[in-house]
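Overview (structure and organization)
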Amino acid sequence: MSLSAFQTELPRRACSNKASLLAASLMLCLVSVSSGDVQPRSWRVHAEGAKALLASIHVSGPTSSLRVSAELEAIITFLSRWYLSLESLTAITTSGLVTGQCVTQDAILGTISEPGQLALDACDDYFGFPTRLALLFREIGASAWERRQQLSVIPRQAISFLTQTDFDLVADDFHKKLTEIYREVVCSPVGLNFYPGVREALSESDVRDFTASTEAYLSMARILVERRVRGVPSNSEVVQASVHAIVRGASSITPSPGASPATAMTPPLFAAGCEAVDATDRQAVRDTFLTFLSVVKSQNMEQALRILESMWQSEEHGVPDWWSYQESQNW
């Protein structure tokens, strides 16, 4: 039904129609992800629909030729942020984006009359990490995809144009950028920055939780860089230090019903669980998930913990890591 309505409304020029459809596509994507259903991956269909709509809004020039209201412009700005964060998390999945491409930063900023409205160093209060990190996640995902492509040519004895040295250089550059984000965003003298109107509604405890969430996502990014771009094993020092940092940061967050950084902790906690090699660390991940689930009722979080438990058990039978586990499950 949603796809039928999408096809009907897409050709229409009215920006308000497309903004409504974009919001619906993003909502359907989140509902599909949050349901905890691994198969089928219908969320990707909605993500692709949102991508097409965002590009269409950009081409239409909503803030100039259509003379949209300030209210609609603010809605489009918010939806652009929403899409960017969703796309960034899609890019770092094992399969990456369906097309292997991201909507460019210019296309997203092009939906906004004043690019400064998309504050790159502001923590997105819906996803728990800065917009600037979302852009970096897309780059990490693209580099991880390149490495997968390189690995796929080895069994065929095909020519590989990128070497391990190339990936090491890329990984080093990512770590440099992550350190810059940490220093300029997390360690800012004025504290964590938020979008207009958000900080005033937060308590000091909330701000600390969002800071911990940002640090957890930064640590998750380091895991992705080391494991999927550089290609080091799980027991490497950087990976295990990042696992500990995620657990430490997540466990410091106080879960509460409704909007809370705890609801955004599934990706970093899952990443930590996938790479935890010590039984004590795995128990810490399990305990943190269970603490959150005692307050936050999330099917997606429950599913993540079930998958981790299954994967940890499978390692006893020769399946060594998350990537091999996915292959064994035909995901």
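Rules of the game
- Residues numbered from 1 in each chain as written.
- Predicted model: local features only at pLDDT ≥ 70, side-chain atom pairs only at ≥ 80, totals over all residues.
- Heavy atoms only, no water.
- UniProt positions renumbered as here; feature names shortened; annotations may be inferred.
- Helix = DSSP H or I, 4+ residues; strand = E, 2+ residues; numbered from the N terminus.
- Buried < 20%, exposed > 50% of the residue type's maximum accessible area, 1.4 Å probe, protein only.
- Areas by Shrake-Rupley, 256 points an atom, 1.4 Å probe, with all protein chains shown as cover.
- Core = buried A, V, L, I, M, F, W, Y, C linked by side-chain atoms within 4.5 Å.
- Contact = heavy atoms within 4.5 Å.
- Phe/Tyr/Trp six-rings, centres within 6.5 Å; stacked < 30°, edge-to-face > 60°.
- Salt bridge = Lys/Arg side-chain N within 4 Å of Asp/Glu carboxyl O.

Per an unreviewed UniProt entry, the protein chain carries the name Fungal-specific transcription factor domain-containing protein and comes from Fusarium solani. Within the UniProt record for the protein chain, the comment given under Subcellular location (unreviewed entry) is "Nucleus".

Let's talk about the overall build of the protein chain
On a plain count of helices and strands, the protein chain comes out with 13 helices and 2 strands. The buried share of the protein chain, taken over its 331 residues, is 50%. Surface accessibility of the protein chain: about 15,800 Å² in total, with carbon and sulfur atoms responsible for 56%.

Let's talk about the nonpolar core
Nonpolar side chains in soluble globular proteins generally cluster together in the buried interior. If you look at the biggest cluster of nonpolar residues, it comprises 79 residues, and the most contacted ones within it are L133, F137, I140 and Y217. Sort the elements by how many residues they give to this core and helix α8 (residues 204–230) lands first, with 12 residues. When sequence neighbours within four positions are dropped, the list of residues in contact with L133 reads L178, I181, Y217, L218 and A221.

Brief notes about the packing of aromatic side chains
Inspection of every chain in the model, using the stated rule, returns 5 aromatic pairs. Look at F129 and Y217: their rings are 4.6 Å apart centre to centre, the planes differ by 45°, and that puts the pair in the tilted class. One end of the pair, F129, is in strand β2 (residues 129–130); the other, Y217, is in helix α8, and 88 residues separate them in sequence. Across the pair, exposure class does not vary: F129 and Y217 are buried alike. With a centroid separation of 6.4 Å and an interplanar angle of 65°, the aromatic rings of F137 and Y217 are classed as edge-to-face. Here Y217 lies in helix α8 and F137 lies in helix α6 (residues 131–153), a separation of 80 residues in the sequence.

A few points about the pattern of salt bridges
Scanning the model with the defined rule gives 12 salt bridges in all. In this structure, R132 and D121 form a salt bridge, with 3.0 Å as the shortest nitrogen-oxygen distance. On the criterion of sequence distance, the pair formed by R132 in helix α6 and D121 in the loop between α5 (105–109) and β1 (123–124) is long-range, its members being 11 residues apart. Residue R132 is joined to E180 by a salt bridge in which the shortest nitrogen-to-oxygen separation is 3.9 Å. With R132 in helix α6 and E180 in helix α7 (residues 164–186), the pair connects residues that are 48 residues apart, well separated along the chain. A relative accessible area of 31% places E180 in the partly exposed class. A cluster of three or more residues bridged by salt bridges with shared partners is formed by D121, R132, E180 and E184.

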